[in-house]
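Results of the structural survey
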Amino acid sequence: MEFVGQLQRQFVQFSHSLFDEGFLDDQFQQLQKLQDESNPDFVLEVVSLFFEDSEKLLNNLSIALQQQIVDFKQVDSYVHQFKGSSSSIGAQRVKNVCVHLRSFCEEQNLERCVMCFQQVKHEYYVVKNKLETLFRLERQIVEAGGTVPFIL
Amino acid sequence: MEQEFLHVLAVDDSFVDRKVIERLLKVSSCKVTTVESAGRALQFLGLDEEKSPVEFDELKVNLIITDYSMPEMTGYDLLKRIKGSKKLREIPVVIMSSEDIQPQVNRCLEEGAEEYLVKPVKLSDVLRLRDFILKEKAPPYPQREHTSGKRKSRDESPASDSTSSDHLRPLRKRRKMAHH
């Protein structure tokens with residue numbers, strides 16, 4: 001089926017680009033390896049949890065950074081959590097920006113923190129978008145009767 | 001009740017990490033119980049004074065794997081509580097942390113942690129742990145030299161009625177290389 005073939009090729013190309021451009025790292029592939037027929041939606045489930053978790057964390061961070069007196073320890077704690085969860089799903093760029101943000105927290109440099117936080121949000125929404133696209137492609141392949149190719 | 005599989009108690013305050021560690025353990029054929037805090041872990045293990053302890057034999061936890069940084073009570077504190085309990089001290093405890101800080105690693109190992117795993121934890125780590133624990137459950141082996149890690153001698157008296165050679169076994173300090 002030509003259509004399925006096209007979709008599969010798109011999927012492979014897109015997946016490769018995510019890794020090549022550093023949006024995702026090896027940890028994402030580790031998660032993919034844990035998926036099988038008995039748990040066919042494992043990656044989707046973990047990533048969905050990540051999205052849910054992240055919205056809360058980003059919201060908390062936003063509020064924390066807008067306080068009259070910013071509690072840098074609290075901000076750092078949120079960033080640490082966000083760094084952890086993004087690392088756990090292989091969201092490399094998000095993780096890396098979180099590392100920067102933590103160092104600004106340590107310096108208690110509010111201006112830099114705020115700027116860096118914008119970057120964190122940006123990276124998060126970009127990878128969220130990309131992952132949603134990836135999952136959509138997978139769904140389309142399956143709905144068209146094809147199987148999702150392995151990316152190694 | 002047949003005890004075919006290792007029963008692992010996984011402790012982590014992160015939803016994402018709990019889901020991942022649970023899957024890693026299940027793929028490794030372990031029975032898993034996940035809890036979100038050290039407090040809950042203690043309850044489950046019957047160390048919480050408020051709740052009456054469930055018959056411990058039924059729970060039979062073979063391994064506790066816990067995150068280091070958790071609010072209220074850290075994995076390190078949990079480790080101390082477990083190692084300080086006559087009932088539970090024989091259960092191997094593994095610490096997981098996103099932070100690869102040597103003094104922190106040392107502190108955990110000195111307190112009796114089997115290993116300190118740098119997150120994200122991989123399947124190979126879990127399989128290795130599982131195999132190690134399974135071997136520990138088998139009749140005592142002749143002592144083998146482990147190459148990595150030193151065990152700091154603890155001043156604990158060999159008061160435990162354990163028949164295993166736990167206190168003689170060198171601690172392996174296995175850390176993942178930092179990701180680039």
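Residues numbered from 1 in each chain as written. Chains lettered and ligands numbered in written order. Predicted model: local features only at pLDDT ≥ 70, side-chain atom pairs only at ≥ 80, totals over all residues. Heavy atoms only, no water.

1. Topic: the overall build of chain A
The following threshold applies: Where helices and strands are cited, they refer to DSSP runs of H or I of at least four residues and of E of at least two residues respectively, numbered from the N terminus. Burial here depends on accessible area, computed with a 1.4 Å probe over protein chains only, as a share of the maximum for the residue type. Under 20% is buried, over 50% is exposed, and the range in between is partly exposed. By definition in these notes, contact holds between two residues if any of their heavy atoms fall within 4.5 Å. Note that accessible areas follow from Shrake-Rupley with a 1.4 Å probe, and for residues the cover is restricted to the protein chains shown. Counting rule applied: Lys, Arg positive; Asp, Glu negative; His and chain ends not counted. Note that the charge is assigned to NZ on lysines, CZ on arginines, CG on aspartates and CD on glutamates.
From N to C terminus, chain A includes six helices and zero strands. Secondary structure elements of chain A, listed N to C terminal, follow the sequence α-α-α-α-α-α. The buried share of chain A, reckoned over its 152 residues, is 48%. Long-range pairs, those at least 24 residues apart, make up 67% of the contacts in chain A with a sequence separation of at least 6. In the form shown here, chain A has an accessible surface area of approximately 8300 Å², with 49% of it arising from carbon and sulfur atoms. Side chains of chain A carry 14 positive and 21 negative charges; the gap between the two charge centres is 4 Å.

2. What to know about unusual backbone geometry
Residues and elements named next belong to chain B. Cis geometry is found at the peptide bond from K119 to P120, where omega equals 0 degrees. Its place among the elements puts P120 in the loop between β5 (115-118) and α6 (123-137). Positive phi outside glycine occurs at S29, with the angle close to 65 degrees. By relative accessible area, S29 is classed as partly exposed at 37%. The backbone of E72 sits at a positive phi, close to 70 degrees, despite the residue not being glycine.

3. Looking at the sheet that holds β5 of chain B
Within a sheet, neighbouring strands are paired by backbone hydrogen bonds and run either parallel or antiparallel to one another. Residues and elements named next belong to chain B. Keep this limit in mind: Any two strands are treated as partners once DSSP identifies two or more bridges connecting them. Between N-to-C directions, angles span 0 to 180 degrees; the directions come from axes that are lines fitted to C-alpha atoms, helices contributing only their stretch in contact.
Read from one edge to the other, the open sheet built from five strands follows the order β2-β1-β3-β4-β5, with strand pairing classed as parallel. One side of each edge strand has no neighbouring strand; the edge strands of this open sheet are β2 (31-35) and β5. Strand-to-strand twist of the sheet, defined as the mean angle between neighbouring strand axes without regard to direction, takes the value 20 degrees. Relative to β5, strand β4 (residues 93-97) is paired through four bridges, and the arrangement is parallel. Paired with M96 across the bridge in β5 is L117. Contacts from α6 reach β3 (63-67), β4 and β5 within the one sheet, and its direction differs from that of β5 by about 165 degrees.

4. A few points about the pairing of β4 of chain B
Residues and elements named next belong to chain B. Test applied: Throughout, right-handed denotes a crossover for which the path from the first strand over the helix to the second runs clockwise when the strands point away from the viewer.
Of all five residues that make up β4, five are buried, and the element is covered over most of its length. Side chains of β4 alternate between two faces, with V93, I95 and S97 and V94 and M96 buried alike. Read from β3 through helix α4 (residues 75-83) to β4, the crossover connection turns out right-handed. With helix α5 (residues 102-110) bridging β4 and the parallel β5, this β-α-β connection has right-handed handedness.

5. Thoughts on helix α4 (residues 72-89) of chain A
Residues and elements named next belong to chain A. The cut-off we apply is this: Helix span, expected: 1.5 Å multiplied by one less than the number of residues in the helix. In protein, a polar contact means a hydrogen-donor-capable atom and an acceptor-capable atom, both N or O and within 3.5 Å, with residues adjacent in sequence counting only if both atoms are side-chain atoms; elsewhere, any N or O pair within 3.5 Å suffices.
For α4, with 18 residues, the first-to-last C-alpha span of 26 Å sits near the 26 Å given by 1.5 Å per residue. Here α4 lies mainly inside the structure; 13 of its 18 residues are buried. Where α4 starts, the residue carrying a side-chain oxygen 3.2 Å from the main-chain nitrogen of K73 turns out to be D71. Immediately downstream of α4, the backbone of G90 shows phi near 90 degrees, a positive value.

6. Here's the deal with the environment of Q27 of chain A
In this structure, Q27 of chain A sits in helix α2 (residues 26-33). Residues Q27 of chain A and T147 of chain A, 120 residues apart in the sequence, show an inter-C-alpha distance of 22 Å. What Q27 of chain A contacts, discounting residues up to four positions off in sequence, is S87, S88, I89 and G90 of chain A together with P120 of chain B. There is a polar contact of 3.1 Å between the side chain of Q27 of chain A and the backbone oxygen of S88 of chain A.

7. A word on the packing of aromatic side chains
Residue and element names in this part refer to chain A. Threshold: Classification of ring pairs uses Phe, Tyr and Trp, with its six-membered ring standing for Trp, and accepts pairs whose centres are within 6.5 Å; under 30 degrees between planes counts as stacked, over 60 as edge-to-face, and the remaining range as tilted. Each ring is checked for a lysine NZ or an arginine CZ that lies within 6 Å of its centre and within 35 degrees of its normal; such an atom marks a charge sitting over the ring.
Tallied over the full model, the rule gives seven aromatic pairs over all chains. Judged by centre distance (6.1 Å) and plane angle (45 degrees), the rings of F50 and F51 are tilted. Judged by relative accessible area, which is 11%, F51 ranks as buried. On the numbers, 5.0 Å between centres and 65 degrees between planes, the contact of Y124 with Y125 is edge-to-face. By the ring-pair criterion, three or more aromatic residues cluster together here, those being F50, F51, F82, Y124 and Y125. R93 extends its terminal NZ or CZ atom over the ring of F23, reaching a point 3.9 Å from the ring centre.

8. A closer look at the interface of chain B and chain A
Stated precisely, the cut-off is as follows: Each of two parts loses accessible area, computed with a 1.4 Å probe, when they are put together; buried area is these two losses added. Salt bridge, as used here: a side-chain nitrogen of Lys or Arg that lies within 4 Å of a carboxyl oxygen of Asp or Glu. Side-chain classes follow a simple rule in which Ala, Val, Leu, Ile, Met, Phe, Trp, Tyr, Cys and Pro form the nonpolar group, Asp, Glu, Lys and Arg form the charged group, and the remainder, Gly included, forms the polar group.
Opposite the 14 residues of chain B that make contact, chain A presents 23 residues. Across the interface of chain B and chain A, roughly 1600 Å² is buried in total on both sides, 59% from carbon and sulfur atoms. Three residues stand out in chain B for area buried against chain A, namely V16, K19 and R23 of chain B, and they jointly supply 38% of the buried area on that side. In this assembly, chain B and chain A are joined by four salt bridges. The shortest N-O distance in the salt bridge between E45 of chain A and K19 of chain B comes to 2.8 Å. Among the elements that make up the side of chain B that touches chain A, the one with the highest residue count is helix α1 (residues 15-27) of chain B (eight residues). Residue classes in the side of chain B that touches chain A are distributed as seven nonpolar, two polar and five charged.

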